[in-house]
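For reference, the chains in residue letters:
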Amino acid sequence: QVQLVESGGGLVQAGGSLRLSCAASGRTFSSYAMGWFRQAPGKGREFVAAISWSGGNTYYADSVKGRFTISRDNAKNTVYLQMNSLKPEDTAVYYCKAGDNIMVVTTAQSSGSWGQGTQVTVSS
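Residues numbered from 1 in each chain as written. Predicted model: local features only at pLDDT ≥ 70, side-chain atom pairs only at ≥ 80, totals over all residues. Heavy atoms only, no water.

**Student:** A description of the state of the cysteines should follow, citing residues and the corresponding values.
**Tutor:** By the definition in use, this model includes one disulfide. At a sulfur-sulfur separation of 2.0 Å, the disulfide partner of Cys 22 is Cys 96. Its S-S torsion of about 50° marks the bond between Cys 22 and Cys 96 as right-handed, since a negative value means left-handed. Of this pair, Cys 22 sits in strand E3 (residues 18-26) while Cys 96 sits in strand E9 (residues 92-99), placing them 74 residues apart in sequence. With respect to class, Cys 22 is no different from Cys 96; both count as buried. (Disulfide = S-S within 2.5 Å. Helix = DSSP H or I, 4+ residues; strand = E, 2+ residues; numbered from the N terminus. Buried < 20%, exposed > 50% of the residue type's maximum accessible area, 1.4 Å probe, protein only.)

**Student:** Explain the sheet that holds strand E8 (residues 78-83) to me, using residue names and the numbers behind them.
**Tutor:** If you walk across this open sheet you meet the four strands as E1-E3-E8-E7, and the pairing is antiparallel. A single partner strand is all that each edge strand has here, and the edge strands are strand E1 (2-7) and strand E7 (68-73). Taken pair by pair, the neighbouring strands of this sheet meet at an average axis angle of 15°, ignoring direction. The sheet contact formed by E7 and E8 spans six bridges and is antiparallel. Looking at E8, one finds that Ser 71 is bridged to Tyr 80. (Pairing = 2+ DSSP bridges. Axes fitted to C-alpha atoms, helices over the stretch in contact; angles between N-to-C directions.)

**Student:** Lay out the environment of Phe 68 in plain terms, naming residues and giving numbers.
**Tutor:** Relative to the helices and strands, Phe 68 is located in strand E7. Of the residues examined, Phe 68 reaches a relative accessible area of 2% and is grouped as buried. For Phe 68 and Ala 50, which are 18 residues apart along the polypeptide, the C-alpha to C-alpha distance reads 11 Å. Among all residues touching Phe 68, those that are not within four sequence positions of it are Arg 38, Val 48, Tyr 60, Leu 81, Gln 82, Met 83, Asn 84, Leu 86, Asp 90 and Tyr 94. (Contact = heavy atoms within 4.5 Å.)

Rendered as structure tokens:
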């Protein structure tokens, strides 16, 4: 089992940037595919971005493509989400997820390990 802790959330104005981090401990981090999801008030948890275990493949939701970048540093057991050109509709709690393959970390309902989430608020 892997334990995940997100950080880096906060309040930012529209057009600004934030970088989220997700630190992992437990089983070998480099063996996991990783993903980011978000959940706005009153809405379901939605996929944002994912990255393969090697970092060689990345995937994005259409709503964030071109603005967000997912990356990982396996030496630091950390995955990142760089968020640029933020919009008020990006406001949500952001969660990271670890899974055995890309399918697990691109689907909210599938099995996997979740962090506790970090709040991102974008003001207009």
